[in-house]
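Breakdown of the fold
Each chain is listed here by its residues.
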Amino acid sequence: MPEKNQRREGRGPSRADQAKRHIAEMDRRYAAEIARSVEGTRVFDGAPKVAAQGCVPTVSVVDQDSVAAVLERGRGLASACDLALLDFASFTNPGGGYDRGAWAQEEALCSESFLFNVLREKRDWYGENRRRYLNCNLYRNRALVVPRVRFERDGFHSYADVI
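What this report covers is the structure whose coordinates are included nearby.

The rules behind the values
Residues numbered from 1 in each chain as written. Predicted model: local features only at pLDDT ≥ 70, side-chain atom pairs only at ≥ 80, totals over all residues. Heavy atoms only, no water. Pairing = 2+ DSSP bridges. Helix = DSSP H or I, 4+ residues; strand = E, 2+ residues; numbered from the N terminus. Contact = heavy atoms within 4.5 Å. Axes fitted to C-alpha atoms, helices over the stretch in contact; angles between N-to-C directions. Patch = residues over 30% accessible without salt bridge, like charges linked within 9 Å, V, L, I, M, F, W, Y side chains within 5 Å. Areas by Shrake-Rupley, 256 points an atom, 1.4 Å probe, with all protein chains shown as cover. Salt bridge = Lys/Arg side-chain N within 4 Å of Asp/Glu carboxyl O. Phe/Tyr/Trp six-rings, centres within 6.5 Å; stacked < 30°, edge-to-face > 60°. Buried < 20%, exposed > 50% of the residue type's maximum accessible area, 1.4 Å probe, protein only.

Attention shifts here to the sheet that holds strand β1 (residues 42-45). Sheet architecture is open: 4 strands sit in the order β1-β3-β4-β2, paired in mixed fashion. The outermost strands of the open sheet, each flanked by one partner alone, are β1 and β2 (84-85). Most of the contacts of helix α1 (residues 15-40) go to strand β3 (residues 142-153), to which it runs at about 150°, and overall it touches β1, β3 and β4 (156-162).

Below, the structure is given as structure tokens:
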């Protein structure tokens, strides 16, 4: 019996193989943007303090997958990014299990962006979560906010901050 995520005869590349190719392609094509997103990533421990600025953000709930919503509502220039997306993220592994072929919302986001390439640079943050904050899977209010992540599908692209 083949190991998990190993290529089976006649079935094409596994999700893990596809993920590895995608991650390498994102590194090759968007190294400078990835570096800027890594540099701009913010860590929140507990709920952030919000100062009233005279406006209330618009929140939309739409019947689309996350990437389709970003592509429809986002902007094609990183410098004009004004959209945020909630990632139902793994607290203990960068990108969930994307690089190992797992599949859920976070992994789907990684498959159409360079999000994984940024998150893997924050391995220390995930390691700290595993060491200090694991409590029967009841996690602390900690989060990463990754700015200006490029999402692509069918020749179109747009940017969103990922929480």
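Turning next to unusual backbone geometry. Positioned with a positive phi, R148 is a non-glycine residue whose angle comes to about 50°. With respect to the secondary-structure elements, R148 resides in strand β3.

Right, let's talk about a nonpolar patch on the surface for a bit. A cluster of nonpolar residues, L86, F88 and I163, forms a patch on the protein surface that exposes about 320 Å² of accessible area. Locating I163 in the fold gives a position in the segment after β4.

This next bit is on the packing of aromatic side chains. Per the stated rule, a full pass over the model turns up 4 aromatic pairs. For the ring pair Y30 and F114, a centre distance of 6.2 Å and an interplane angle of 45° mean the geometry is tilted. Here Y30 is found in helix α1, whereas its partner F114 is found in the loop between α3 (105-111) and α4 (115-119), with 84 residues between them in sequence. Since its relative accessible area comes to 0%, F114 is described here as buried. Between the aromatic rings of F91 and W125, the centroid separation amounts to 6.0 Å while the plane-to-plane angle is 70°, which identifies the pairing as edge-to-face. Here the residue F91 occupies a position in the loop between β2 and α3, and W125 occupies one in helix α5 (residues 123-132), the gap between them amounting to 34 residues. Across this residue pair, the class does not change: F91 and W125 are buried.

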